[in-house]
Amino acid sequence: MIGVGKTKQYANVLDRPISKGKQEVSLSAFAFLFSELVQYNQTQVDNIAELERRLEDAGYAVGARVLELLCHREKGNRRETRLLGILSFVHSTVWKVLFGKVADSLEKGTEHEDEYMISEKELLVNRFISVPKDMGTFNCGAFVAGIVRGVLDGAGFPAVVTAHFVPVDGQQRPRTTILIKFAEEVLVREARLG
Amino acid sequence: MSVCVAVVGHQNNPLYIQSFTDADDALKLHHIVHCSLDVIDERVNNPKKSGPLLNETFLGLLYPADNYKVFGYLTNTKVKFILVTTDVDVRDASVRNFFRRFHSAYVDAVSNPFHVPGKKITSKTFAGRVSAIVSSFGSSTTTD
């Protein structure tokens with residue numbers, strides 16, 4: 001039937017149910033906050049590697065909490081025990097909650113068995129950041145790498161996670177790749193589980 | 001009547017223990033909680049093919065001891081929740097519900113930026129919520 005909908009028209013505005021509120025955070029608010037985070041850390045360190053490590057540690061704390069929250073809220077309390085399971089969880093669910101969309105691609109590394117890559121055309125955190133030439137290969141995506149490391153570590157898959165710029169032809173800004181290298185014990189366990 | 005709840009971290013370090021009766025010896029309760037950790041480890045590391053799925057969080061009745069029943073619940077980050085109760089007849093669904101609400105309170109406590117993961121949970125709001133959940137669990141099972 002035309003016009004049959006779920007919303008009722010309330011005569012009195014006080015009768016309307018309270019809305020859940022907007023589920024989004026303003027991008028500018030986040031960009032300003034993140035820029036302050038980077039600036040603050042820059043005053044505390046002497047070299048680039050230290051700055052990258054600090055951003056990663058900040059992301060690690062976020063990742064640990066996000067894992068707890070998401071497992072309870074979204075996944076109906078199922079634990080992930082397989083490698084591909086946890087990777088697809090990070091790639092879709094975590095990305096969706098943090099950035100509003102799933103990651104662009106998830107690939108398995110060709111050279112080593114234990115390497116996986118999540119690629120993104122433009123990381124949300126890097127959108128308003130351009131790194132000066134004298135900082136070399138520094139990537140603020142280290143924050144996101146820290147988040148991924150926090151999620152994987154909390155779920156029982158220790159890994160080394162780093163963020164890299166990968167230049168792409170035909171595009172001005174390079175693509176960002178998060179490289180995940182799992183620890184030995186994860187592969188051993190995965191082989192045992194068959 | 002629930003006697004005690006405990007939260008144990010992934011390296012089996014205690015994060016929160018709260019007992020709800022003054023009569024029983026706190027040490028005995030701690031001991032029961034400790035023994036149940038072994039049962040959990042055994043269940044997690046040697047999954048029975050015909051048993052529950054590998055990735056279920058609710059572990060069910062761990063083992064009966066004296067007149068206590070011990071229930072376990074494992075989160076995704078290997079944090080374990082233990083519930084010790086003296087209720088004679090406890091329904092599975094109500095225990096699952098209890099753990100779900102407990103997990104909710106735990107997630108809120110961990111999201112606190114001042115909480116260091118691996119240290120004890122010191123939040124008073126968490127303690128208050130846990131007492132509320134326990135008392136509603138206790139009253140729901142006795143009225144049935």
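Keep in mind it's a predicted model, so treat the numbers as computed, not measured. (Residues numbered from 1 in each chain as written. Chains lettered and ligands numbered in written order. Predicted model: local features only at pLDDT ≥ 70, side-chain atom pairs only at ≥ 80, totals over all residues. Heavy atoms only, no water.)

1. A look at the overall build of chain A
Along its length, chain A carries five helices and four strands. The order of helices and strands in chain A, counted from the N terminus, is α-α-α-β-β-α-β-β-α. Going through the 194 residues of chain A one by one, you find that 38% of them count as buried. Considering only residue pairs separated by 6 or more positions, chain A has 58% of its internal contacts joining residues 24 or more positions apart. Carbon together with sulfur atoms contributes 55% to the accessible area of chain A, which is approximately 12000 Å² in total. (Helix = DSSP H or I, 4+ residues; strand = E, 2+ residues; numbered from the N terminus. Buried < 20%, exposed > 50% of the residue type's maximum accessible area, 1.4 Å probe, protein only. Contact = heavy atoms within 4.5 Å. Areas by Shrake-Rupley, 256 points an atom, 1.4 Å probe, with all protein chains shown as cover.)

2. A closer look at the sheet that holds strand β2 (residues 115–120) of chain A
All names here are of chain A. Spatially, β1-β2-β4-β3 is the arrangement adopted by the four strands of the open sheet, whose pairing is antiparallel. In this open sheet, the two strands that pair with only one neighbour each are β1 (105–108) and β3 (159–166). Averaged over all pairs of adjacent strands, the angle between their axes in this sheet comes to 20°, without regard to strand direction. Of the strand pairs in this sheet, β3 and strand β4 (residues 175–182) are connected by eight bridges, and their pairing is antiparallel. Looking across to β4, one finds that T162 is bridged to L179. Each of β1, β2 and β4 is contacted by helix α3 (residues 83–99), which is oriented at about 15° to β2, the strand it contacts most. (Pairing = 2+ DSSP bridges. Axes fitted to C-alpha atoms, helices over the stretch in contact; angles between N-to-C directions.)

3. Let's talk about the packing of α3(A) against helix α4 (residues 142–154) of chain A
Helices that pack against each other are described as a pair by the angle of their axes relative to one another and the distance between those axes. Residues and elements named next belong to chain A. Where α3 contacts α4, the axes come no closer than 11 Å and their chain directions differ by 130°. With respect to α4, the axis of α3 lies oblique. Seen along the crossing, α3 lies across α4 with a hand that is right-handed. When α3 is examined against α4, the residues I86, F89, V90, W95, L98 and F99 are found in contact with a partner set consisting of V144, I147, V148, V151 and L152. Residue composition of the contact of α3 with α4, by class: 11 nonpolar, no polar and no charged. (Parallel < 35°, antiparallel > 145°, perpendicular 65-115°, else oblique. Left-handed = near helix turned anticlockwise from the far one by under 90°. Nonpolar A, V, L, I, M, F, W, Y, C, P; charged D, E, K, R; others polar.)

4. Thoughts on helix α2 (residues 48–73) of chain A
Between its first and last C-alpha, α2(A) extends 37 Å over 26 residues, near the 38 Å set by a 1.5 Å rise per residue. Those residues of α2(A) that fall on the buried side of the exposure criterion are L51(A), L55(A), E56(A), G59(A), G63(A), R65(A), V66(A), L67(A), E68(A), L70(A), C71(A) and H72(A). As for α2(A), its buried residues are in contact with α1 (27–44), α3, α4 and β3 of chain A together with α2 (92–110) of chain B. (Expected span 1.5 Å × (residues − 1).)

5. Topic: the interface of chain A and chain B
In this assembly, 14 residues from chain A lie in contact with 23 residues from chain B. Remark: the boundary between chain A and chain B carries zero salt bridges. Scanning the region where chain A abuts chain B turns up three residue pairs in polar contact (both at pLDDT 80 or more). The element contributing the most residues to the side of chain A that touches chain B is α2(A), with six residues. Split by residue class, the side of chain A that touches chain B holds five nonpolar, four polar and five charged. (Salt bridge = Lys/Arg side-chain N within 4 Å of Asp/Glu carboxyl O. Polar contact = N/O pair within 3.5 Å; in protein donor to acceptor, adjacent residues only side chain to side chain.)

6. Here's the deal with the nonpolar core
Core analysis: the largest hydrophobic core is formed by 42 residues, its most contacted members being W95(A), L152(A), F157(A), V161(A), I180(A) and F182(A). When residues of this core are traced back to their parent elements, those giving at least two are α1, α2, α3, β2, α4, β3 and β4 of chain A. With residues up to four places along the chain from it excluded, the contact list for V161(A) reads E56(A), A145(A), V148(A), R149(A), L152(A), I178(A), L179(A) and I180(A). Counting residues in each nonpolar core, the second largest holds 24 residues, with V90(B), V95(B), F102(B) and I133(B) among its members. (Core = buried A, V, L, I, M, F, W, Y, C linked by side-chain atoms within 4.5 Å.)

7. A word on the pairing of strand β5 (residues 80–85) of chain B
Residues and elements named next belong to chain B. Among the six residues in β5, six count as buried, and that is most of the element. Because side chains alternate across β5, one face comprises the buried residues K80, I82 and V84, and the other comprises F81, L83 and T85, equally buried. Judged from the six bridges that link them, strand β4 (residues 68–74) and β5 form a sheet pairing that is antiparallel. In the strand pairing of β5, F71 is matched with L83. From the end of β4 to the start of β5, which pair antiparallel, there are five residues, and K78 there has a positive phi angle of about 65°.

8. Comments concerning the environment of A145(A)
Residue and element names in this part refer to chain A. Here A145 lies in helix α4. With a relative accessible area of 1%, A145 lands in the buried category. Considered as a pair, A145 and E56 are 89 residues apart in the sequence and their alpha carbons are 6.4 Å apart. Excluding its chain neighbours within four sequence positions, the residues that come into contact with A145 are E56, V161, T162, A163 and I178.

9. Structural notes on the pattern of salt bridges
Residues and elements named next belong to chain A. Scanning all chains against the criterion turns up 10 salt bridges over all chains. In this structure, the salt-bridge partner of R149 is E56, at a minimum N-O distance of 2.8 Å. With R149 in helix α4 and E56 in helix α2, the pair connects residues that are 93 residues apart, well separated along the chain. On the basis of relative accessibility, which here comes to 16%, the residue E56 falls in the buried class.

Geometry only, nothing functional implied.
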